[in-house]
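What follows is each chain in one-letter form.
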Amino acid sequence: MSKDIRVPFLDLRVADEERATLLAAVDRVLRHGRIVLGPEVAAFEGALADYLGTPFAVGVNSGTDALILGLRALGIGPGDEVILPPLSFVASANAVSLVGATPVFADVGTDLTLDPTSAEALAGPRTRAIMPVHWAGLVCDMTSIMAIAERHGLYVIEDTSQAFGARLNGRMAGTFGDIGTFSMNCMKVLASLGEAGALCARDAGLREKLEVLRYHGLVNRETCVAVSHNGRLDTIQAAMLLERLRTFPQLVARRRDNAAFYDRQLAGAVAVPYRRGEDSHVFYTYTIQTGRRDGLKDYLAAHGIETKIQHLPLLPEQPVYADKVRGHWPTASRLMQQTLCLPVHEKLTPQQREYVAAKVLDFLERS
Ligand SMILES: *Cc1c(COP(=O)(O)O)cnc(C)c1O
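An account of the accompanying structure is given in this report. (Residues numbered from 1 in each chain as written. Predicted model: local features only at pLDDT ≥ 70, side-chain atom pairs only at ≥ 80, totals over all residues. Heavy atoms only, no water.)

1. Description of the overall build of the chain
Then comes step 1: Looking only at helices and strands, the chain features eleven helices and eleven strands.
Then comes step 2: Since a compact globule built from 367 residues should have a radius of gyration of about 21 Å, the 21 Å found for the chain is in line with a globular shape.
Then comes step 3: A principal-axis box enclosing the C-alpha atoms of the chain has dimensions of 70 × 55 × 35 Å.
Then comes step 4: The contacts in the chain between residues at least 6 apart in sequence include a share of 71% that link residues at least 24 apart.
Then comes step 5: Charge separation in the chain, taken as the distance between the mean sites of 39 positive and 41 negative side-chain charges, equals 2 Å. (Helix = DSSP H or I, 4+ residues; strand = E, 2+ residues; numbered from the N terminus. Rg over C-alpha atoms; globule rule 2.2 N^0.38 Å. Contact = heavy atoms within 4.5 Å. Lys, Arg positive; Asp, Glu negative; His and termini not counted. Charge placed at Lys NZ, Arg CZ, Asp CG, Glu CD.)

2. Details of the layout of surface pockets
In this approach, a probe sized like a water molecule rolls over the atoms, and the result shows the empty space that is left.
Then comes step 1: Considering only enclosed or pocket space, the largest pocket measures out at about 650 Å³ in volume.
Then comes step 2: Lining the largest pocket we find 27 residues, and of these Glu-18, Arg-244, Thr-247, Leu-251 and Arg-254 sit closest to its centre.
Then comes step 3: Among the elements that take part in the lining of the largest pocket, helix H8 (residues 235–266) stands out by supplying nine residues, more than any other.
Then comes step 4: Here the lining of the largest pocket is composed, by residue class, of eleven nonpolar, five polar and eleven charged. (1 Å grid on protein atoms, 1.4 Å probe; cavity = no way out; pocket = protein on both sides within 12 Å on 5 of 7 lines; lining within 4 Å. Points joined across faces, edges and corners; volume = space filled by probe spheres on them. Nonpolar A, V, L, I, M, F, W, Y, C, P; charged D, E, K, R; others polar.)

3. A word on the environment of Gly-38
Then comes step 1: Checked against the element boundaries, Gly-38 lands in the loop between helix H1 (16–32) and helix H2 (39–52).
Then comes step 2: For Gly-38, a relative accessible area of 4% puts it in the buried group.
Then comes step 3: Measuring from C-alpha to C-alpha, the distance between Gly-38 and Ile-236 comes to 8.7 Å, with 198 residues separating the pair along the chain. (Buried < 20%, exposed > 50% of the residue type's maximum accessible area, 1.4 Å probe, protein only.)

4. Section: the packing of H2 against H8
Then comes step 1: Between H2 and H8, the shortest axis-to-axis distance is 8 Å and the interhelical angle comes to 30°. Judged by the inter-axis angle, H2 sits roughly parallel to H8. Seen along the crossing, H2 lies across H8 with a hand that is left-handed. Here Glu-40, Val-41, Ala-43, Phe-44, Ala-47, Leu-48 and Tyr-51 of H2 come into contact with H8, specifically with Thr-235, Ala-238, Ala-239, Leu-241, Leu-242, Leu-245 and Phe-248. (Axes fitted to C-alpha atoms, helices over the stretch in contact; angles between N-to-C directions. Parallel < 35°, antiparallel > 145°, perpendicular 65-115°, else oblique. Left-handed = near helix turned anticlockwise from the far one by under 90°.)

5. Side note on the pattern of salt bridges
Then comes step 1: According to the stated counting rule, one finds 20 salt bridges in the structure shown.
Then comes step 2: Among the ionic pairs, Asp-111 bridges to Arg-276, the shortest N-O distance being 2.2 Å. Note that Asp-111 is positioned in the loop between strand E3 (102–105) and helix H5 (116–121) and Arg-276 in the loop between H8 and strand E10 (286–289), a separation of 165 residues in sequence.
Then comes step 3: Residues Lys-359 and Asp-362 are paired through a salt bridge, measuring 3.3 Å at the closest nitrogen-oxygen approach. One end of the pair, Lys-359, and the other, Asp-362, are both in helix H11 (residues 350–365), three residues apart, so they sit about a helical turn from each other.
Then comes step 4: Residue Asp-362 is classed as partly exposed on the basis of its relative accessible area, which comes to 30%.
Then comes step 5: Members of the salt-bridge network, linked through shared partners, are Arg-28, Glu-243 and Arg-246. (Salt bridge = Lys/Arg side-chain N within 4 Å of Asp/Glu carboxyl O.)

6. Regarding the sheet that holds strand E9 (residues 197–201)
Then comes step 1: Read across the open sheet, the seven strands follow the order E1-E9-E8-E5-E4-E2-E3; overall the sheet is mixed. The open sheet has two free edges, formed respectively by strand E1 (57–60) and E3, since each of these has just one partner strand. Averaged over all neighbouring strand pairs, the angle between strand axes comes to 25°, with direction disregarded.
Then comes step 2: In this sheet, strand E8 (residues 179–183) lies alongside strand E5 (residues 155–159) in parallel orientation, the contact comprising three bridges. Looking at E8, one finds that Asp-159 is bridged to Thr-181.
Then comes step 3: Here H2 sits on the sheet and contacts E1, E8 and E9; the angle it forms with E1, its principal contact strand, is near 130°. (Pairing = 2+ DSSP bridges.)

Right, dumping it as structure tokens:
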């Protein structure tokens, strides 16, 4: 096999056929001129709600804003604690902190998602919510997490930024708890061509509250009833997302096919990603675990294969949180010395994925 193969972790260029579709969608917005919360925003929200099977969805400008607005809509703020995993993008913990609440860190299981037992052990008098993160694209053990929330009277806010489209027992990730939040930034599985996000909720009564909080707490052009900021979803992004939602099933199928290929090649040599049943994973990342992670990463880089370690440091070990937080996360600390994300995106060619698997095995067989 050629030594010149290069395998990027992601490739955000848009292929010709899709580019024509997206440009036509943008062109429609430019012609009708309803740029602020234009008709494509409502259309995308409707399509999302249909896809998720929720009473409504609200489009916002990022996954971070979705978390902040979701927490605020539930009235979570100063004096409250929110239990979340130590393994996430910093946005999860920062959103909790930005609403004035305190993040408390439970551990993860070997599947790298929130360990329900560890989360329950941290529930105390100040705890108001659990924030499971559907890490890497795998839906968490929502059956156990919802049971814990029920026992302790806690809200559940699902950070579904990485797992749009994942399913557990026929139900979409993000629709188990009180609020589901999504990021559609340009790197996510369902991606805008910039920044975008959304929320869904079980309770239809939260819709108006979320829409008011999304734009400066204004109930009409003049009247402000809550302190908030501008978190509106851009109409041009909504127009492109609407197109991408149509082809999303094929895109996820390609990621799952790449993952299944890696499974067949690599199972036995490394720990391959855990699944919680069929369709439970959308492979935002394909995260393997191996005791020889650092050497493997360097070897793959030397052979033109870009990999990532997502994310170190762990949230509670970030300088901004270190020594100031409550919790216990030994499994996360141990496993994060072993994880490596391989390229799994939908544009990988058969030649590229074969090359990646072969190079992983080459390295592990040499010793
Ligand atoms: C990407 C991501 C976010 C933040 O989303 P943005 O749209 O970039 O603000 C939050 N949580 C997790 C787990 C993410 O992966």
